[in-house]
Amino acid sequence: MSGAEFVPLSLPPLLIGTFAALACAIPGNFLVLRKQALIGDAISHVVLPGIVIGFLITGTVSTWPMMLGAAGAAILAVVLIETIRRLGRIEPGAAMGVVFTTLFAAGVLLLEQSDTSTVHLDVEHALYGNLESLIWLDAMGWESLLDTQALAGLPPELPRMAIVFLAITVLTIAFWRPLKIATFDEGFARAIGLPVTALSMGLVIAAAIAAVAAFDAVGSIIVIAMFICPPAAARLMTNRLEHQLLWSAGFAILSAVLGYVLAGYGPLWLGFNNSVSAAGMIATVSGMILAVAALIGPCRSRTGAAQEI
Amino acid sequence: MLDLGYNAALVAVGATLLGVAAGVTGTFLFLRKRALVSDAISHATLPGVALAFMVMVALGGDGRSLPGLLLGSAMSAWAGLLAVSWLSRRTRLAEDAAIGAVLSVFFGFGIVLLTVIQSLNAGRQAGLEGFLLGSTAGMLYTDALVIVVGGALALALVLLLRRPMLIVTFDPEYAAATGRDVTRIDLAMMGLVLAVTVVGLKIVGLILIVALLIIPPAAARFWTDRADRVVLLSGALGGIAGLVGTLLSASAPNLPTGPIIVLVAFALFATGFFLSPHRGILAAALRYRHYQRQVHVRQGLLALAQGQPIYERLTLRLLRRAGHARPDGVATDQGRAAAAKSLLDERRWQLLRADPDFEAAAALYDGLRPIESVLTADQIALIDRTLTPEALV
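No experiment lies behind these values; they were computed from the predicted model shown.

**Q** How would you summarise the overall build of chain A if you had to cite specific residues and measurements?
**A** Scanning chain A from terminus to terminus reveals 14 helices and zero strands. Written out in order from the N terminus, the α and β elements of chain A read α-α-α-α-α-α-α-α-α-α-α-α-α-α. At 20 Å, chain A has a C-alpha radius of gyration in line with the 19 Å of a compact globule built from 309 residues. Once the C-alpha set of chain A is aligned to its principal axes, its extents read approximately 60 × 45 × 40 Å.

**Q** Talk me through the overall build of chain B; I want residue IDs and the actual numbers.
**A** On a plain count of helices and strands, chain B comes out with 17 helices and zero strands. Taking 21 Å as the expected radius of gyration for a compact globule of 393 residues, we find that chain B reaches 31 Å, considerably beyond that expectation. Expressed along its principal axes, the backbone C-alpha trace of chain B runs to roughly 100 × 50 × 35 Å. Classification of the 393 residues of chain B by burial places 47% in the buried group.

**Q** Tell me about the nonpolar core, residues and numbers included.
**A** Counting 214 residues, the largest nonpolar core has A20, A23, A74, A211, A214 and I222 of chain A as the members making the most contacts within it. The greatest single-element share of this core, amounting to 15 residues, is contributed by helix α5 (residues 95–120) of chain B. When neighbours within four sequence positions are excluded, A214 of chain A is seen to be in contact with A20, A23, C24, M161, I222 and V223 of chain A. Core analysis: the next-biggest nonpolar cluster, separate from the first, contains ten residues, L301, L304, A305 and A338 of chain B among them.

**Q** I'd like to hear about the interface of chain A and chain B, residue by residue, with values.
**A** Opposite the 54 residues of chain A that make contact, chain B presents 47 residues. Contributions of two or more residues to the side of chain A that touches chain B are made by α3 (38–58), α4 (63–87), α5 (92–113), α6 (123–128), α12 (220–235) and α14 (278–296) of chain A. Per-element tally for the side of chain A that touches chain B: the top contributor is α5 of chain A, with 14 residues. Of the residues in the side of chain A that touches chain B, the class split is 31 nonpolar, 14 polar and nine charged.

**Q** So what about unusual backbone geometry? Which residues, and what values?
**A** Located in the positive-phi region is K35 of chain A, a residue other than glycine, with phi close to 60°. Within the fold, K35 of chain A resides in the loop between α2 (11–33) and α3. Classification of K35 of chain A by C-beta neighbours within 10 Å gives partly exposed; the count is 13. The backbone of K33 of chain B sits at a positive phi, close to 60°, despite the residue not being glycine.

**Q** Outline the packing of α12 of chain A against α14 of chain A, listing residues and values.
**A** All names here are of chain A. Packing of α12 against α14 leaves a shortest axis separation of 9 Å and a crossing angle of 15°. Judged by the inter-axis angle, α12 sits roughly parallel to α14. Here α12 runs over α14; the crossing is left-handed. Here I221, I222, A225, M226, C229, P230, A232 and A233 of α12 come into contact with α14, specifically with A279, G280, I282, A283, S286, G287, I289, L290 and A293. For the contact of α12 with α14, the per-class residue count stands at 14 nonpolar, three polar and no charged.

**Q** Outline the packing of helix α11 (residues 196–218) of chain A against α12 of chain A, listing residues and values.
**A** Residue and element names in this part refer to chain A. The geometry of α11 relative to α12 is characterised by a closest axis approach of 7 Å and an angle of 135° between their N-to-C directions. Here α11 lies oblique to α12, going by the angle between them. Here A211, A214, F215 and V218 of α11 come into contact with α12, specifically with S220, I222 and V223. By residue class, the composition of the contact of α11 with α12 is six nonpolar, one polar and no charged.

Scoring rules and cut-offs
Residues numbered from 1 in each chain as written. Chains lettered and ligands numbered in written order. Predicted model: local features only at pLDDT ≥ 70, side-chain atom pairs only at ≥ 80, totals over all residues. Helix = DSSP H or I, 4+ residues; strand = E, 2+ residues; numbered from the N terminus. Rg over C-alpha atoms; globule rule 2.2 N^0.38 Å. Buried ≥ 20, exposed ≤ 12 C-beta atoms within 10 Å, placed from the backbone. Core = buried A, V, L, I, M, F, W, Y, C linked by C-beta atoms within 7 Å. Contact = placed C-beta atoms within 7 Å. Nonpolar A, V, L, I, M, F, W, Y, C, P; charged D, E, K, R; others polar. Axes fitted to C-alpha atoms, helices over the stretch in contact; angles between N-to-C directions. Parallel < 35°, antiparallel > 145°, perpendicular 65-115°, else oblique. Left-handed = near helix turned anticlockwise from the far one by under 90°.

In structure tokens, the structure reads:
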């Protein structure tokens, strides 16, 4: 395929998908290790009421109010989960289930009640986004990458996702040691004076930001899949956190690229002329990677656990 | 009473039965601390729905027959359930990671299949999206019948299996030791969850059915500590949510059934969260306030007994209200008596706590409990023998 076709139509969604996958997979490593993997699931459900409220207040589908609404809803959800867990003395899983289903239901209700028929805002879009539509019409070919005028026409999701990915990477590197210690041994971290609660709250907020940004571009299904599948698969490959992070980044990129390509061109190879959902395919590919890792990953079994015969 | 059509009335009956069945089933899941497994199960139904549609169309059928779609969804949910238990048992991944992985991957694959259906025969797939959030609008009589019968069957099964499930929920080791097959009972529990999920797909939708399995048990748990009552209450709350939710959503346009049912369930949950006499936060706040006042009065009386001035406003106010002190902080006669009594109590406690013979009683010390409620008169007399006048100063 020529650059004239690839650069405007496939490069931006590919890059956006990859950045979104990476931005979710990196904090996902810590969430999986801390047994908070489902926080990503909860967050991606509650962004729906957030964006609907953002939309209702401003009346337009503009990015920033909806992002703010989503971030606000995510933080509200985390606070509510904590409150119900502590004050109601309910186990974390159930507290999470209570909160995210209720907020999601409220979001759907708001959406039905408000007049959104004129704009492109519906539950399906929220769930699986529309990666394929993020095209770069100003590009003529590879040379456009150096053309400032054409670059201005890039889909805004691309720079935003890239910035979020960079911010997450920088934060992860900056807080590497405390994060690692607090993840593996919270008691020890507390004893040497690390702000454990602030760290875990910060992690959840970083995850929420990644989720909200990715959600806007690619829908929540990728967000949940990328929070969990690449880190989980990486966990089965190695015992070192540094290596796990690299493996998970590799798996995230592989899922995003392979998933996009399979969704866009797979049906063509099979003789159909319609593509399938890229978001769904990326999630599927990440699941395949996890399945392979669970079958042959070198560190797949629990050390010290009784072997089942 | 609302003027419900025959189908709408049937939907209301179906939703009520579904709510009861989900509430009862969900209790076991909730008490087993595996509430979110239901999330994986419900999301895993999507590829089954799509595959069943494709198979039925390929066989020349309509593709929208509800029993067929439900059968397909049950099969893929079962596959998802097996994947969760395989991942969490055979690999080092924790159950939450397994749940998240299965739900996102199955759901993603389901979305892929939905887009395949869209491209294969545009227009004819209408209705499959309804399984995401449920849609009772335009439900056929036979569909409603399937839901009613399914809900009743699931409920009957729960009632049949409630004892073994309760035992496994509380103490898996004991269950295993008494010869029960824990793995099979767990699997049966999940099978019931799956049945409830599948029956609820059409009404509440696969994303929100989890709410019916989690919220009623969590709400019921506020009111009682007895498992059998939690089960009954949770069933009742689920039924109320189902019934009130369907009625509400039928009462006005643009009120989707599934979300309304969930919000009603949450309202019931919030009621318990605030108002329950044992575990509610209102009761907890009142208990805290009562305790705080007790501590203030006690400390105030000790201060009076030792002739120390009291600066804390709350303490002064409480003492004044009890008639122990005048507004300027000087003790009344009654106050002096109470203060002396408190001081004596405190001294006795000090001696008791220093004496290893009273170790068990000393553990009950909380700074408030009168010593008479812990020791007999003889024991107090024994302690008083070591009580010297100087110690009182």
